[in-house]
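The chain contents come next:
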Amino acid sequence: MSTSTTAPPTGRTGASAPAQAPKKHISDRAKAERKLGWLLAGPALAVMLLVTAYPIAQAFYDSLFDYRLTDPENRSFTGLSNYLVVLTDQLWWQSVGVTLLITVVTVAVELVLGFGLALVMNKALKAIRPFLRAVILIPYAVITVVSAFAWQFAFDINTGFINSWFAWLPGVGADTDWFGDFGTSIFVVCLAEIWKTTPFISLLLLAGLAQVPEVLQEAAQVDGATWWQRMRRVTIPNMKAAIMVALLFRTLDAFRVFDSIFVMTAGANGTETVSFLAYRQTISRLEIGLGSAVSVLLFLSVVLIAFVFIKGFKVDLSQARGDS
Amino acid sequence: MPDSVVHTGRGRRSAASGRRARRALGATAAAVVLASGLAACGSGDSGVPQLDWYINPDSGGQAEIAARCTEAANGAYTISVSTLPRDSPSQREQLVRRLAANDSSIDIMSLDPPYIPEFAQAGFFAPMPAEVADEVTTDVVQSAIDGSTWDGELVTVPFWANTQLLWYRTSVAEAAGLDMTQPVTWDQLTQAAQDQQVRLGVQGIRSESLTVWLNALIESAGGSVIAENSTNPDDIQLGLDSEAGMRAAEVMRDISASGTGGPALSTANEDTTATDFEGDVGGFQVNYPFVYPRALGAVEAGTLDQSVVDDYGWALYPRVDADTETAPPYGGINLGVGAFSEHPDLAYDATRCITSTENQAYYFTSNGNPASDTAVYEDPEVLEAFPMAPTILESLELAVPRPQTPYYSEVSGGIQREYHPTAAIDPEQTPQDATELIQAVLRKDQLL
Amino acid sequence: MSTKEKTGWIIGGIVIALYALFPIAWIVSLSLKSSADLNAGGFLPATGFSWDNYSLILTGSASDLFLPALRNSFGICLIATFISVFLSMFAAYAIARLDFPGKKFILGTALGVAIFPVISIVTPLFNLWRQIGLYDTWPGLIIPYLSLTLPLSIWTMSAFFREIPWEMEQAAQVDGATTWQAFRKVIVPLAAPGVFTTAIIAFFIAWNDFVYGISLTSTGASRPVPAALGLFSGASQFEDPTGAIAAAAVIVTIPVVILVLVFQRRIVAGLTNGAVKG
């Protein structure tokens, strides 16, 4: 799964309106335009629906069956019992907990770190700005699996250098086995995720920073507001939309974390995430029914998170889209 | 996208064929594939049937054997190899998914023995001709025959057979006062490693390696992971909670608690264990024979002193109890012939060639993978490359396969979840928890 | 600006550069270690640089695994990028310029697809692919990759297209240019940067895929590099292929680093949709 997810356009509130057709022959023109619109956008829409809507419908259908891939003859309809099994299983809730933990920790740290990076880039000398921009993009562009291997090898007790470099820290020594228990494993996983995706957040926030009107900043400065006051009263409120959009997308992305877990721990020490659990039921255990139920629940969780963000926190995607 | 179609065809061919075959096929392959659509498999362009052999990654030995057998076939068939993932569970995932789709491109497959029952039960193997069965079991170690058998029938062709030995530093064993000509127990080794402040290398990582270790311990204690076998998952009776099972859990816990397994026991695999054994803390380890060529390679590269390798000693896998014979792990690779292959007869022919004494000897000496054919162990070249070959043979005769069940991955997955990390094992509780988990998983009442 | 402030910025820049490049430097260093050096525990190779790992995957025993994977990755990602940019070009044009009901629905669908958990659809796709013969083929990966690249392409490109002063086209026509000339001489140069930027970002997304790669392929016929990384073997079955993985990781990172260095400004503009000036 990609951790470098889609960037939503962060609202250019004043985006130019589409060129309006002249008001003559409105019905004919509108009809023609409607037809052309669907003709042009239709293929892309059809492809998107085909590669996602059909499989998720199939997954939902499969989740109603007791179905093992190697034993297709004994496939039988069991209704919602797969869901009952999943939802009453402590492992499912543990995975949800781990996933939420990773999500909350990484997104929180990324937001703070990304904001700092954005501030630096926003204010940095013109001369070093292109350099910073290029450098910051590199983690974003690196393949997640490669990043996971790099961090794993760095912390590995045999191949890594972390133990010898940080031996002066209490609790770290030549014998520290980072992947030996839950806490340290999750720590390394989060570190890898944060390294890789903070640049993405910082770029979105940088775009948000650019939207804060200079006039307001200057006015506040004239009024004698401290840096922190200006930040809290002027900068952050004015880039709320950008922050929320960045949060929404990173949260959804973090919730689907798979690659890093697969590479670094393979689920050892209770580090299974929901995506990993789904993978193990369907691909390793070959229990298509049970695995599909986990998949559908994962899908519903993602929808729920998106819904909470959009309705609860009032993330204005239409503004983000620029067509308000 | 005609481009992609062409490339698809080429990719399959080039990954799959030997150098000679590639030259011959190269130019026409794309055209052939284009003409026959995406599912171009089976026969080559010259009418000579092409057998696809799915191999586990190795140091090139299987590809070489494929080339040799292609030559030996004298135009009857050609063999091309495709590489599977590195770990055996992923190898199984790939093969099962393809076979469940009745994939006819799988002619021969290199299989880790524990998954053989699952494949056999699902009908993924072509029936073995009786004369092939006779031939490929003659002079073959018992554990390899056991590992190739399901439900009383030989379903795969024994290829190479792996087993773990107890490796020790002669100097350390002497200092500890251990008589290595006599069988030693785990308790003795733990004690000796503690006294000498060296490692007793075992594989505690959450993977197949852990199941290998637990299974060997339970079998050595006189029990079995599966006490009562059945093809019906509900009727499988587990032996984890037995006296032998508890004894095995005790050994695991004691070694973990003693610290002799090293600080990274919970992520220790065969390779890290071998690294430790080559280092200053090396004392004892249970491991496969690859550790020997590995050390020789390090000497050649100048990173290991010859004196270290000269200090290497080997013996049979440790016993759990002094008076009960040990039951070392059995592993390796057996060859299955795909049920949907278009040329099962030729494929079985090819397996006979692949597993010939000569090829097994070649594979042993070049790739370090021990033969299942007992005749190989008389080959002077083998004996020179592996002075411990007689011990390997002896170990293979005693070795016991991991639980044979079509639900192996559930059983092994459940074991790994409950017995990892080994430091947290409670001999009273863990076997019982694992039994309950595995039974619930087999009933599909729980996730894994 | 005072020298002190300047120094401050430069130090800040160095810290950021260290943060971003350190793991990359580490994997490069690891890939240059000789096999004996891998477990020595230092950051830099202790016994000098060794190209063994590279020769292993480029010309040695692992090249049969790596080179086809590299070719697959390039081919599949480029085709997927091309198709998705091609399709979304029309869609984005319609969204940016035309007024028709369903616009919101299309953008909403793109959003929904973008947040879709890939793992949820891998199994049904696998079942479908093996039935229709797409399993382990290039199209079998290209089509699912579209689900990753299309939403992003539509969003990014429609934002770009909104900024194009379309009235210039009419102005050119008034000046006597034909419709085709006006389109080619005025609109194409204006739209090209947006299309190009979208293509780069779409390529990154496709290049990054892992789940589809490990689930929908099984041989060198279509297996991409991220999936192949897990397939390397050491000198024997049980030896860890750390060096080979590191070398392969470096090689697949080179193209994206080059893209980033050359097109950093466009990429930032694309990711934030032209909101950043400077």
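Residues numbered from 1 in each chain as written. Chains lettered and ligands numbered in written order. Predicted model: local features only at pLDDT ≥ 70, side-chain atom pairs only at ≥ 80, totals over all residues. Heavy atoms only, no water.

A few points about the overall build of chain A
Note the cut-off: Each helix corresponds to a stretch of at least 4 residues labelled H or I by DSSP, and each strand to a stretch of at least 2 residues labelled E; elements are numbered beginning at the N terminus. Exposure classes here rest on a 1.4 Å probe applied to the protein chains alone. A residue is buried below 20% of its type maximum, exposed above 50%, and partly exposed in between. Contact between two residues is taken to exist if any of their heavy atoms lie within 4.5 Å; hydrogens are not considered.
Broken down by element type, chain A carries 14 helices and 2 strands. Within chain A, buried positions represent 59% of all 324 residues. Sequence separation of at least 24 residues holds for 70% of the intrachain contacts in chain A that already meet a minimum separation of 6.

Some remarks on helix α4 (residues 103-114) of chain C
For the record, the criterion: Expected helix span is taken as 1.5 Å per residue step, with the number of steps being one fewer than the number of residues.
Here α4 of chain C is 12 residues long and its end C-alpha atoms lie 17 Å apart, about the 16 Å a rise of 1.5 Å per residue gives. Listing the buried residues of α4 of chain C in full gives K103, I106, L107, T109, A110, L111, V113 and A114 of chain C.

Considerations on the domain arrangement of chain B
Residue and element names in this part refer to chain B. Short version of the rule: For the domain bounds, the source is a domain assignment made automatically or taken from a database. The term buried area means the drop in 1.4 Å probe accessible area that two parts suffer when joined, counted for both and summed. Here, a salt bridge means any side-chain nitrogen of Lys or Arg that lies within 4 Å of a carboxyl oxygen of Asp or Glu. As used in this structure description, the phrase polar contact means that two N or O atoms lie within 3.5 Å; if the pair is within protein, one of them must be able to donate a hydrogen and the other to accept it, and residues adjacent in sequence are counted only when both atoms belong to side chains.
Structurally, chain B comprises domain 1 (41-162 + 331-398) and domain 2 (165-327 + 407-442). In this assembly, 18 residues from domain 1 lie in contact with 17 residues from domain 2. Both faces combined, the contact of domain 1 with domain 2 buries some 1,600 Å², and carbon together with sulfur accounts for 73% of it. On the domain 1 side of the interface with domain 2, the three residues burying the most area are M388, T391 and L398, jointly 31% of the side's total. If you look at where domain 1 meets domain 2, you find 0 salt bridges. Where domain 1 packs against domain 2, one counts 1 residue pair in polar contact (both at pLDDT 80 or more).

As for the state of the cysteines
Residue and element names in this part refer to chain B. Note the following rule: Only a pair of cysteine sulfur atoms within 2.5 Å qualifies as a disulfide here.
Applying the stated criterion across every chain, the model contains 1 disulfide over all chains. Each sulfur in the disulfide pair C69 and C353 lies 2.0 Å from the other. Residues C69 and C353 are joined by a disulfide whose S-S torsion is about -95°; by sign, that bridge is left-handed. A residue pair is termed long-range when its members are at least 10 positions apart, and C69 in helix α3 (residues 61-73) and C353 in helix α15 (residues 344-354) qualify at 284 residues. For the pair formed by C69 and C353, the shared burial category is buried.

Digging into the sheet that holds strand β7 (residues 165-169) of chain B
Residue and element names in this part refer to chain B. Defined as follows: Two strands qualify as a pair provided DSSP detects at least 2 bridges between them. Orientation is described by axes fitted as lines to C-alpha atoms, over the contacting stretch for helices, and by angles from 0 to 180 degrees between their N-to-C directions.
Spatially, 4 strands are ordered β8-β11-β7-β12 in an open sheet, and the strand pairing comes out mixed. Each edge of the open sheet is held by one strand with a lone partner, namely β8 (199-201) and β12 (312-315). When strand polarity is set aside, the average angle formed by the axes of neighbouring strands in this sheet is 20°. Relative to strand β11 (residues 282-287), β7 is paired through 4 bridges, and the arrangement is antiparallel. Bridge assignment links L165 to a residue of β11, and that residue is N287. Contacts from helix α12 (residues 270-278) reach β7, β8, β11 and β12 within the one sheet, and its direction differs from that of β11 by about 155°.

So, the pattern of salt bridges
The final tally for this structure, using the stated rule, is 29 salt bridges over all chains. As a salt-bridge pair, E287 of chain A and K444 of chain B come within 3.1 Å of each other at their nearest N and O atoms. You can see E287 of chain A sitting in the loop between α12 (274-284) and α13 (288-312) and its partner K444 of chain B sitting in the segment after α20 (430-442), one on each of two chains. Overall, the relative accessible area of 3% leaves E287 of chain A in the buried class.

A word on the nonpolar core
Generally speaking, a soluble globular protein has its nonpolar side chains buried in company with each other. Quick note on the threshold: Put simply, buried Ala, Val, Leu, Ile, Met, Phe, Trp, Tyr and Cys residues joined by side-chain atoms within 4.5 Å make one nonpolar core.
Grouped together as the largest cluster of nonpolar side chains are 211 residues, with contacts concentrated most on F119 of chain B together with Y212 and F232 of chain C. The greatest single-element share of this core, amounting to 15 residues, is contributed by helix α11 (residues 242-271) of chain C. Dropping the residues within four chain positions of it, Y212 of chain C is found in contact with V118, I121, V122, L125, L141, P144, Y145, S147, L148 and T217 of chain C. Core analysis: the second largest hydrophobic core is formed by 66 residues, C69, F277, V308 and L396 of chain B among them.

Some points on the sheet that holds strand β1 (residues 50-55) of chain B
All names here are of chain B. Taken in spatial order, the 5 strands line up as β2-β1-β3-β13-β6 in an open sheet, and their pairing is mixed. Two strands lie at the open edges of the sheet, namely β2 (78-83) and β6 (157-163), each paired on one side alone. Ignoring which end each strand starts from, the neighbouring axes of this sheet average 20° apart.

Regarding the confidence of the model for chain B
Residues and elements named next belong to chain B. Formally: Predictor confidence is given residue by residue as pLDDT, running from a minimum of 0 to a maximum of 100.
In this model, chain B carries a mean pLDDT of 85, and residues with pLDDT of at least 70 account for 90%. Within chain B, β7 carries the highest mean pLDDT (95), whereas helix α1 (residues 2-16) carries the lowest (34). Segment residues 1-44: pLDDT under 50, and 66 contacts once partners within four positions in sequence are set aside and those in other chains are kept.

Some points on the confidence of the model for chain A
Residue and element names in this part refer to chain A. In this model, chain A carries a mean pLDDT of 82, and residues with pLDDT of at least 70 account for 89%. Counting interchain partners and residues more than four positions distant, the pLDDT-below-50 stretch residues 1-23 has 81 contacts. The low-confidence segment residues 318-324, where pLDDT is below 50, has 22 contacts with residues more than four positions distant or belonging to other chains.

Here's the deal with the pairing of β6 of chain B
Within a regular strand, the side chains alternate between the two sheet faces. Residues and elements named next belong to chain B. The buried fraction of β6 amounts to 7 of the 7 residues, a majority that puts the element mostly inside the structure. Examined bridge by bridge, β6 and strand β13 (residues 330-337) share 6 bridges and lie antiparallel to one another. Looking at the pairing, T163 lines up with Y330 of β13.

Some words on the interface of chain C and chain A
Under the convention used in this document: Each residue gets one of three labels, nonpolar for Ala, Val, Leu, Ile, Met, Phe, Trp, Tyr, Cys and Pro, charged for Asp, Glu, Lys and Arg, and polar for the others, Gly among them.
Each partner contributes to the interface: chain C provides 101 residues, whereas chain A provides 105 residues. Both faces combined, the contact of chain C with chain A buries some 9,300 Å², and carbon together with sulfur accounts for 76% of it. If you look at where chain C meets chain A, you find 0 salt bridges. Counting every contact that joins chain C to chain A gives 11 residue pairs in polar contact (both at pLDDT 80 or more). Its residues placed into classes, the side of chain C that touches chain A shows 71 nonpolar, 19 polar and 11 charged.

A word on the interface of chain C and chain B
Across the boundary between the two partners, chain C contributes 37 residues, which contact 37 residues of chain B. Counting the contacts that link chain C with chain B gives 1 salt bridge. Two residues, R98 of chain B and D136 of chain C, come together in a salt bridge whose shortest N-O distance is 3.5 Å. At the boundary of chain C and chain B, one finds 3 residue pairs in polar contact (both at pLDDT 80 or more). Sorting elements by how many residues they give to the side of chain C that touches chain B places helix α3 (residues 63-97) of chain C first, with 4 residues. Class assignment of the residues belonging to the side of chain C that touches chain B gives a composition of 17 nonpolar, 13 polar and 7 charged.

Side note on the packing of helix α7 (residues 182-211) of chain A against helix α1 (residues 3-31) of chain C
Test applied: Orientation categories follow fixed angle ranges, with anything under 35 degrees roughly parallel, anything over 145 roughly antiparallel, 65 to 115 roughly perpendicular, and all other angles oblique. Less than a right angle of anticlockwise turn of the near helix away from the far helix marks a crossing as left-handed, whereas a clockwise turn marks it as right-handed.
It is at 11 Å that the axes of α7 of chain A and α1 of chain C come closest, and there the two elements cross at 135°. It follows from the interaxial angle that α7 of chain A and α1 of chain C lie oblique. Between α7 of chain A and α1 of chain C lies a crossing of left-handed hand. Between α7 of chain A, through I194, W195, T198 and P199 of chain A, and α1 of chain C, the contact on the second element is made entirely by Y19, A20, P23 and I24 of chain C. Tallied by class, the residues present in the contact of α7 of chain A with α1 of chain C amount to 7 nonpolar, 1 polar and no charged.

Structural notes on the side chain of R402 of chain B
All names here are of chain B. Topologically, R402 is positioned in the loop between α18 (389-398) and α19 (408-419). With relative accessibility at 7%, the residue R402 sits in the buried group. Non-local contacts of R402, meaning those with residues more than four positions away in its chain, are made with D112, P114, E208, V212, N215, Y330, G331 and Y408.

Digging into the packing of helix α4 (residues 129-141) of chain A against α7 of chain A
Each pair of packed helices can be described by the angle between their axes along with the distance between the axes. Residue and element names in this part refer to chain A. Taken N-terminus to C-terminus, the directions of α4 and α7 make an angle of 125°; their axes are 7 Å apart at the nearest point. Classified by the angle between their axes, α4 and α7 sit oblique to one another. Remark: the crossing between α4 and α7 carries left-handed chirality. Together, I136, L137, P139, Y140 and A141 of α4 and W195, K196, P199, F200, S202 and L203 of α7 make up the contact between the two elements. Here the contact of α4 with α7 is built from residues that sort into 9 nonpolar, 1 polar and 1 charged.

With respect to the packing of aromatic side chains
What counts here: Pairs were defined over the aromatic rings of Phe, Tyr and Trp, the Trp ring being its six-membered one, requiring ring centres within 6.5 Å. Orientation was assigned from the angle between planes: stacked under 30 degrees, edge-to-face over 60, tilted for the rest.
Per the stated rule, a full pass over the model turns up 51 aromatic pairs over all chains. Measuring from centroid to centroid gives 5.5 Å for W186 of chain B and Y317 of chain B, while their planes differ by 80°, and the two rings are edge-to-face. Taken as a pair, W186 of chain B in helix α9 (residues 186-196) and Y317 of chain B in the loop between β12 and β13 lie far apart in primary sequence, 131 residues in all. Of the two residues, W186 of chain B and Y317 of chain B, both sit in the buried class. For the ring pair Y145 of chain C and Y212 of chain C, a centre distance of 6.4 Å and an interplane angle of 45° mean the geometry is tilted. Linking Y145 of chain C in helix α6 (residues 138-162) with Y212 of chain C in helix α9 (residues 211-215), this pair joins segments that are 67 residues apart in sequence. Under the relative-accessibility criterion, Y212 of chain C is labelled buried at 0%. Connected via pairs of aromatic rings, a cluster forms that spans W167, F277, Y292, Y312, W314, F364, Y377 and F386 of chain B.

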